[in-house]
Amino acid sequence: MDNPKLAFAISRLEPQPALEVRVNFGIFAGRQATPAEIDELGTYMLDEVRPITIVAEERYELDGRLETSVHLVRIELAAAQVPENDFERRRLEQKLVERAEHWARACIDRRHTPGVGA
């Protein structure tokens, strides 16, 4: 290819994730999650539900006067992984949030930027 495309648009035909757990990792760790830590999170989550998608992103919000950057980790489940029963769905949400919280705290305890976060 002489001129490969660097930017492209995607139209989503599938619905958004049916369940999403967000971890504000960078705020408390002062750094991004490492690939090894993301793998560890995946293994930990797969004990509860499969398949899952994990997205680690650096998110920037700008308004001309203020710039904010946050490293966010998202755990996403498709509708097929989420129980239709309201009680079971809330139970799954709670378990995934607890696992994500435990994972994040363990990562931060092992390695964090001094003077940042918890």
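Residues numbered from 1 in each chain as written. Predicted model: local features only at pLDDT ≥ 70, side-chain atom pairs only at ≥ 80, totals over all residues. Heavy atoms only, no water.

The next subject is the pairing of strand β2 (residues 53–62). As paired strands, β2 and strand β3 (residues 67–77) are joined by 10 bridges and run antiparallel to one another. Its bridge partner lying in β3, L62 is registered against E67. Linking two consecutive strands that pair antiparallel, namely β2 and β3, is a turn of four residues; a positive phi of about 95° is found at G64 within it. (Pairing = 2+ DSSP bridges. Helix = DSSP H or I, 4+ residues; strand = E, 2+ residues; numbered from the N terminus.)

Let's shift gears to the side chain of E37. Mapped onto the elements, E37 comes out in helix α2 (residues 35–46). Those residues within four positions of E37 in sequence are excluded, and the remaining contacts are F25, R31, Q32, W103, C107, R110 and R111. (Contact = heavy atoms within 4.5 Å.)

To continue, consider the side chain of R99. Structurally, the position occupied by R99 is in helix α3 (residues 86–110). Among the polar contacts made by the side chain of R99, one reaches the main-chain carbonyl oxygen of Y44 at a distance of 2.7 Å. Each residue touching R99, except ones within four places of it in the same chain, is listed here: Y44, M45, D47 and E48. (Polar contact = N/O pair within 3.5 Å; in protein donor to acceptor, adjacent residues only side chain to side chain.)

Glancing now at the packing of aromatic side chains. This model, assessed by the stated rule, comprises one aromatic pair. Where F25 meets W103, the ring centres are 5.3 Å apart and the plane angle is 35°; that geometry is what we call tilted. One end of the pair, F25, is in helix α1 (residues 25–29); the other, W103, is in helix α3, with 78 residues separating them in the sequence. F25 sits in the buried class, given a relative accessible area of 1%. Sitting over the ring of Y44, R99 keeps its end group 4.8 Å from the ring centre. (Phe/Tyr/Trp six-rings, centres within 6.5 Å; stacked < 30°, edge-to-face > 60°. Buried < 20%, exposed > 50% of the residue type's maximum accessible area, 1.4 Å probe, protein only. Lys NZ or Arg CZ within 6 Å of the ring centre and 35° of its normal.)

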